[in-house]
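Understanding the architecture of this molecule
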Amino acid sequence: MAKDVICEVNSCTHWAEENKCSADSIFVAFHSSQEPTRAEETDCKTFESK
């Protein structure tokens, strides 16, 4: 399991200084019916707008 999650989305409530994610858990999903092969084919479902 990842110790530190880096995130550049500073409009998220879980964003912390130094581009750290402060969420207790992270949910990353894919947004098509096929398994993703690139990062662009995934989404962070943990995102919550500030």
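Just so you know, these numbers come straight off a predicted model, no measurement behind them.

Scoring rules and cut-offs
Residues numbered from 1 in each chain as written. Predicted model: local features only at pLDDT ≥ 70, side-chain atom pairs only at ≥ 80, totals over all residues. Heavy atoms only, no water. UniProt positions renumbered as here; feature names shortened; annotations may be inferred. Helix = DSSP H or I, 4+ residues; strand = E, 2+ residues; numbered from the N terminus. Buried < 20%, exposed > 50% of the residue type's maximum accessible area, 1.4 Å probe, protein only. Contact = heavy atoms within 4.5 Å.

**Description of the UniProt feature "domain: DUF1540" (unreviewed entry) in the protein chain**
Per the UniProt record, "domain: DUF1540" (unreviewed entry) is annotated on residues 5-47. In the segment residues 5-47, helix accounts for 0% and strand for 23%; the C-alpha atoms at its two ends are 13 Å apart.

**Examining the environment of asparagine 19**
When you line up the elements, asparagine 19 lands in the loop between strand E1 (15-16) and strand E2 (20-21). Exposure remark for asparagine 19: the relative accessible area of 28% places this residue in the partly exposed category. When the C-alpha positions of asparagine 19 and glutamate 8 are compared, they lie 5.4 Å apart, and in sequence the two are eleven residues distant. When sequence neighbours within four positions are dropped, the list of residues in contact with asparagine 19 reads Val5, Ile6, Cys7 and Glu8.

**Focus on unusual backbone geometry**
Its identity is not glycine, yet glutamate 18 carries a phi of approximately 65°, on the positive side. Turning to its location among the elements, glutamate 18 is positioned in the loop between E1 and E2. The backbone phi angle of asparagine 19 is positive, close to 55°, even though this residue is not glycine.

**Section: the side chain of histidine 14**
Note on placement: histidine 14 falls in the segment before E1. Residue classification places histidine 14 among the buried residues on the basis of a relative accessible area of 18%. With sequence-adjacent residues up to four places away left out, histidine 14 is seen in contact with Lys20, Cys21, Ser22, Ala23, Thr46 and Glu48.

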